[in-house]
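The chain contents come next:
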Amino acid sequence: MKKPSLCLVTPALADANNGNWQTARRWARMLGGHYEVRLAAQWPDRGTPDDGTDLLLALHARRSAASVAAWAQAHPHRPLVLALTGTDLYRDIRTDASAQRSLALAHRLIVLQALAPLALPEVHRGKCHVVFQSSTRRQALDKTRAHLRAVVVGHLREEKSPQTVLEAARLLHPDEGILIDHIGNALDPALADLARATAAACPHYRWLGGQPHEATRRRIQRAHLLVHPSRMEGGAHVIMEAALSGTPVLASRMDGNVGMLGPDYGGYFPVGDAAALAARLRECRRDIADGSGALAALHAQCSARAPLFEPAAERAALLRALAGLRQERPARPDPSMSTSPPRRSE
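These remarks concern the structure in this document. Please read all numbers here as calculations on a predicted model, not as lab measurements.

**Observations regarding the sheet that holds strand 7 (residues 148-153)**
Spatially, six strands are ordered 9-8-7-10-11-12 in an open sheet, and the strand pairing comes out parallel. With partners counted over all chains shown, the strands left at the sheet margins are strand 9 (205-209) and strand 12 (268-269), one partner each. On the sheet, helix 5 (residues 162-171) packs against strand 7, strand 8 (178-183), strand 9, strand 10 (225-228) and strand 12 and is oriented at approximately 155° with respect to strand 8. Strands in contact with helix 11 (residues 294-305) are strand 7, strand 10 and strand 11 (249-252); relative to strand 11, the strand with the most contacts, it is inclined by about 80°.

**Let's talk about the pairing of strand 7**
It is a general feature of regular strands that their side chains alternate between the two faces of the sheet. The buried count for strand 7 comes to five of six residues, which makes it a mostly enclosed element. With six bridges joining them, strand 7 and strand 8 adopt parallel strand pairing. Considered in strand 8, the bridge of L148 is made with I178. For the handedness criterion, the β-α-β arrangement of strand 7, helix 5 and strand 8 is classed as right-handed. In terms of strand pairing, strand 7 meets strand 10 through three bridges, oriented parallel.

**With respect to the packing of helix 3 (residues 86-95) against helix 4 (residues 97-105)**
Where helix 3 meets helix 4, the closest approach of the two axes is 5 Å, and the angle between their N-to-C directions is 105°. Taken together, the axis directions place helix 3 and helix 4 in an arrangement best described as roughly perpendicular. Contacts between helix 3 and helix 4 pair D92, I93, R94 and T95 from the former with A97, A99, Q100 and L103 from the latter. Looking at the contact of helix 3 with helix 4, its residues break down into four nonpolar, two polar and two charged.

**Focus on the packing of helix 10 (residues 274-290) against helix 11**
Packed helix pairs are specified by the crossing angle of their axes together with the interaxial distance, meaning the distance between the axes. Relative to each other, helix 10 and helix 11 sit at 105°, their axes nearing to 7 Å. Between helix 10 and helix 11, the interaxial angle falls into the category roughly perpendicular. Residue-level inspection shows E283, C284, D287 and I288 of helix 10 in contact with helix 11, the latter providing A294, L295, A296 and L298. Among the residues forming the contact of helix 10 with helix 11, the class breakdown is six nonpolar, no polar and two charged.

**Some points on the environment of G234**
By the element assignment, G234 lies in the loop between strand 10 and helix 8 (237-243). Every residue in contact with G234, bar those within four places of it in the chain, is listed here: T85, G86, L112 and Q113.

**Observations regarding the pairing of strand 8**
Strand 8 sits mainly inside the fold: five of its six residues count as buried. What joins strand 8 to strand 9 is helix 6 (residues 189-201), and the crossover it makes is right-handed.

**Observations concerning helix 3**
Buried residues dominate helix 3, accounting for seven of its 10 residues. Among the residues of helix 3, G86, T87, D88, L89, Y90, D92 and I93 are the ones counted as buried.

**Observations concerning the nonpolar core**
L225, V249 and L281 are the most contacted members of the largest nonpolar core, which has 53 residues in total. Sorting elements by how many residues they give to this core places helix 10 first, with seven residues. Once residues lying within four places of it in the same chain are set aside, the contact partners of L225 are L148, R149, A150, V151, T247, P248, L250, L281, C284, L295 and L298. In this structure, L56, W71, A72 and V111 belong to the second largest nonpolar core, which totals 27 residues.

**Points about the packing of aromatic side chains**
In this structure the tally under the stated criterion is three aromatic pairs. Here the aromatic rings of W43 and W71 are separated by 5.0 Å at their centres, their planes lie at 75°, and the arrangement is edge-to-face. Placement of the pair is W43 in the loop between strand 2 (36-40) and strand 3 (55-59) and W71 in helix 2 (residues 65-74), with a sequence separation of 28 residues. Taken as a pair, W43 and W71 share a single burial class, namely buried. Ring geometry for F132 versus F309: centroids 5.8 Å apart, planes at 70°, classification edge-to-face. With a gap of 177 residues between them, F132 in the loop between strand 6 (128-130) and strand 7 and F309 in the loop between helix 11 and helix 12 (311-322) connect regions that are remote in the sequence. Its relative accessible area of 0% is what places F309 among the buried residues.

**Considerations on the sheet that holds strand 2**
Taken together, six strands build an open sheet; the order of strands is 2-1-3-4-5-6 and the sheet is parallel. The strands lining the two open edges of the sheet, one partner per strand, are strand 2 and strand 6. The average undirected angle you get between the axes of adjacent strands in this sheet is 20°. Strand direction decides the pairing type here: strand 1 (residues 5-9) and strand 3, joined by four bridges, are parallel. Along strand 3, the bridge assignment pairs L8 with L57.

**Remarks on the side chain of D181**
Following the sequence through the fold, D181 ends up in strand 8. In this structure, D181 is in contact with R149, A150, V151, V152, R206, L208 and R219, ignoring residues within four places of it in sequence.

**Points about the pattern of salt bridges**
All chains considered together, the criterion is met by 19 salt bridges. Taking the shortest distance from any N to any O, the salt bridge between R149 and D181 comes out at 3.0 Å. In this pair, R149 sits in strand 7 while D181 sits in strand 8, placing the two residues 32 residues apart along the sequence. For R149, a relative accessible area of 23% gives the class partly exposed. Judged by relative accessible area, which is 3%, D181 ranks as buried. R219 serves as the salt-bridge partner of D181, at 3.6 Å between the closest nitrogen and oxygen. Taken as a pair, D181 in strand 8 and R219 in helix 7 (residues 213-222) lie far apart in primary sequence, 38 residues in all. Taken together, the salt bridges that share partners define one network made up of R62, R91, D92, R157 and E159.

Criteria and cut-off values
- Residues numbered from 1 in each chain as written.
- Predicted model: local features only at pLDDT ≥ 70, side-chain atom pairs only at ≥ 80, totals over all residues.
- Heavy atoms only, no water.
- Pairing = 2+ DSSP bridges.
- Helix = DSSP H or I, 4+ residues; strand = E, 2+ residues; numbered from the N terminus.
- Contact = heavy atoms within 4.5 Å.
- Axes fitted to C-alpha atoms, helices over the stretch in contact; angles between N-to-C directions.
- Buried < 20%, exposed > 50% of the residue type's maximum accessible area, 1.4 Å probe, protein only.
- Right-handed = clockwise from strand over helix to strand, strands pointing away.
- Parallel < 35°, antiparallel > 145°, perpendicular 65-115°, else oblique.
- Nonpolar A, V, L, I, M, F, W, Y, C, P; charged D, E, K, R; others polar.
- Core = buried A, V, L, I, M, F, W, Y, C linked by side-chain atoms within 4.5 Å.
- Phe/Tyr/Trp six-rings, centres within 6.5 Å; stacked < 30°, edge-to-face > 60°.
- Salt bridge = Lys/Arg side-chain N within 4 Å of Asp/Glu carboxyl O.

See below:
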């Protein structure tokens, strides 16, 4: 039997080397046994809407809005699935008309962490599926007891809040035995200037710029901690990569991180609070020196979450999110339905 044709639209292709591209490439591989999958930056990608595609799976409500609208107009009875990013959930669907229209046109929605459905208007939550992203397990490495090494992985842009790390580095003294490696491209020139200035002033902080994925994973394996200080996040790859590498996480307490690590996780600090981050780093450094248990407790909690991020779990959840769509032949949702998101307390 011929497999149905699926076009996976992703605004970010291989040259971007970001989370959206990693997700698209992995999903194409996972779905390949059930669908004829092709990746495209936009749809239609073959010059005509009548290209034999049976299902559209689009990443990003705003950036893929033109593809979503074109598909809905050309094929109103063929399935349309939309995967939502952090900027979709926590910014664009609140203010951007094209993102709101994408949300209304989709037959099903995919989100990447457990609290994400709460960011959606209530009318759309019933078509929402949670699909935790995955990665391969890595052997946990022995860590030096001479110092604490923390790694930060995230491009220098406002949503990732690199300022929190830079301010925390300036609050730490070089002789405290806390070393910070910061990986990420300079997407914001002003933040790059701050990172360079911090590295010049603080010998215990290094900005390493963008690094290949494999090199980044090895640094995560060698670190005592991953620090993830985002202000806005849809479900970070690096959190699950750390959990699958035996490396605990210190993360800002915001929905994208709590939805990955769970509400009872012990490694949170308030969003943007550099002093609190510095205090958590010192606490973990003391554990290396006197065995206080801070690092061990975080390691145990991350290990308990790690099975959620296994490839088999992601593949099963993704297939569930797409199951039955061809048989249902769902009616196109009414794009005039209210898309105002619910109020949330911070």
